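Coordinate inspection notes
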Amino acid sequence: MARAAQLRARNASFWEQAAPGWVRHAERQDEFGRPLGAAAMERLRAAPGERVLDVGCGCGGTTAELATAVGPSGVAVGVDLSEAMVAAARHRFPEPRFLAGDVETMGAVPGAPFDAAYSRMTVMVLADPVAGLTTIAQSLRPGGRFAATVFRDAGTVPWLPAAVLGAAPHVGDLPPLPLGNEPGPFAFADPARIERLLTAAGFGAVVIEPHDVTLNPPDEPDAVAEWLIEIGPAGAAYRKATPPAQASARSGAVRLLERFRTHGVGYRLPAGIWLVSAELGG
C-alpha cells in the first residue's frame, strides 16, 4: 500500500506538470492521436440512450465522441486525474459531464451505474491498476462493457523515445522513467498480466487482441516535434527552458523522427497496441 501511495503521488505530480502541454495541444491530440483509441471505440459500440464512462478523458475529445454516439437521450461522463485538463475539457465541450478525480480512490464514479466504460491509453499509467480497474467495475451495471487500449512492448512504438532523447540534452533534468511494471507506457505490455488485473478487479469475458495502427501527423517537423515533446516526460522541463534551448530540443527531436517522415507527405508513426475488452458479470 505504501508503494502504491508513493506511485500515486508521483503520478499526480507528473500529470500536474504535464497538463499544460496536453491542454495546448488538445486539438492535435484529438486529431492525430485518434487511431490509438479507435479500436476500443469500435469494440464498445456505444449506442443511443446509453450511459457511458470515459476513464482518462484528458481534454475531452474522446468523451465528446462518446457523447455523439449516445445522443441526447444518453449520458457521457469523462473523468481524469488532471484538474487542468478537465477544466479544458469543460471549456471545449460544454455538453458532456467532466469530473476531476483519482479513479483509484473514488470507489465508484459519480453518476454510476454506467452501461459501458471506455479508456484510451490510460489504464497502463495507473499507480494501482487493480484499484483503478475495480472502480471502473463498480461503476458499471451488471453485464456492463469495458473497452480500452494500451501500448504493447516498446519495440512496437519505435518513435516514442525520440522526443525524449532528442530534447533531453537541451532542457535539464527529467522525471524518473518508469521501471518494470511501474505506471508508464509499457506497464501493460504483458497480456497475461492484463488478464490477471482485470480478473482481480471483478471482470470476466476478458479478450486481449493485438492491433497495429499508424498516427499520421502532417509534414510539419517543428510542430510535430513540439507536440510530442510537450505531451511526454520532457514537456515540463521544455516549458521551463529558454527559447534557444527549446529550439535545440525541437531540432534534436526532429532529427530522431526523420526516419518516420516522408517529405511533402507527413509522418507515419507506427504503434502496436492491445485492444482490451471485458464484461462485468451479472
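Please refer to the structure placed before this passage.
Conventions we followed
Residues numbered from 1 in each chain as written. Predicted model: local features only at pLDDT ≥ 70, side-chain atom pairs only at ≥ 80, totals over all residues. Heavy atoms only, no water. Helix = DSSP H or I, 4+ residues; strand = E, 2+ residues; numbered from the N terminus. Rg over C-alpha atoms; globule rule 2.2 N^0.38 Å. Buried < 20%, exposed > 50% of the residue type's maximum accessible area, 1.4 Å probe, protein only. Contact = heavy atoms within 4.5 Å. Lys, Arg positive; Asp, Glu negative; His and termini not counted. Charge placed at Lys NZ, Arg CZ, Asp CG, Glu CD. Phe/Tyr/Trp six-rings, centres within 6.5 Å; stacked < 30°, edge-to-face > 60°. Lys NZ or Arg CZ within 6 Å of the ring centre and 35° of its normal. Core = buried A, V, L, I, M, F, W, Y, C linked by side-chain atoms within 4.5 Å. Pairing = 2+ DSSP bridges. Axes fitted to C-alpha atoms, helices over the stretch in contact; angles between N-to-C directions.

1. Digging into the overall build of the protein chain
Summing up its helical and strand segments, the protein chain has eleven helices and nine strands in all. Taking 19 Å as the expected radius of gyration for a compact globule of 282 residues, we find that the protein chain reaches 18 Å, a close match to that expectation. By principal-axis analysis of the C-alpha atoms, the protein chain measures approximately 55 × 40 × 35 Å. Per-residue burial for the protein chain yields a buried fraction of 53% across its 282 residues. The long-range share in the protein chain, meaning contacts at least 24 apart out of those at least 6 apart in sequence, stands at 79%. If you average the places of the 25 positive and of the 29 negative side-chain charges in the protein chain, the two averages end up 1 Å apart.

2. Considering the packing of aromatic side chains
Aromatic ring pairs are reported here in terms of the distance separating the ring centres and the angle at which the planes meet. Overall, the coordinates contain five aromatic pairs when judged by the stated rule. When the ring of Phe 14 is compared with that of Trp 15, the centres are 5.0 Å apart and the planes differ by 90°; the resulting orientation is edge-to-face. For Phe 14, a relative accessible area of 24% puts it in the partly exposed group. In this structure, Arg 51 is placed above the aromatic ring of Phe 114, and the distance from its NZ or CZ to the ring centre is 5.5 Å. One residue, Arg 152, lies across the ring of Trp 274, its end atom 5.7 Å from the ring centre.

3. Observations concerning the nonpolar core
In terms of nonpolar packing, the biggest core is built from 72 residues, with Ile 136, Phe 146 and Phe 203 touching the most fellow members. Here the element with the most residues in this core is strand β9 (residues 269–280); it accounts for seven residues. Apart from residues lying up to four places away in sequence, Ile 136 is in contact with Val 55, Val 103, Ala 117, Val 123, Phe 146 and Phe 203. Grouped together as the second largest cluster of nonpolar side chains are 13 residues, Ala 39, Ala 46, Val 52 and Val 70 included.

4. Focus on the sheet that holds β9
Read across the sheet, seven strands follow the order β3-β2-β1-β4-β5-β9-β6 without closing on themselves; strand pairing throughout is mixed. A single partner strand is all that each edge strand has here, and the edge strands are β3 (97–100) and β6 (203–215). Here the strands of the sheet are splayed against their neighbours by 20° on average, with no regard to which way each runs. Most of the contacts of helix α8 (residues 191–200) go to β6, to which it runs at about 140°, and overall it touches β5 (140–151), β6 and β9.

5. As for helix α6 (residues 129–138)
Burial runs high along α6: seven of the ten residues are buried. Of the positions making up α6, those classed as buried are Pro 129, Ala 131, Gly 132, Leu 133, Thr 135, Ile 136 and Ala 137. On its buried face, α6 sits against β1 (51–55), β4 (114–120), β5, α8, β6 and β9.

6. Here's the deal with the environment of Trp 227
For Trp 227, the position within the fold is in helix α9 (residues 221–230). Residue Trp 227 is classed as buried on the basis of its relative accessible area, which comes to 2%. With 203 residues separating them in the primary sequence, Trp 227 and Arg 24 have C-alpha atoms 8.8 Å apart.

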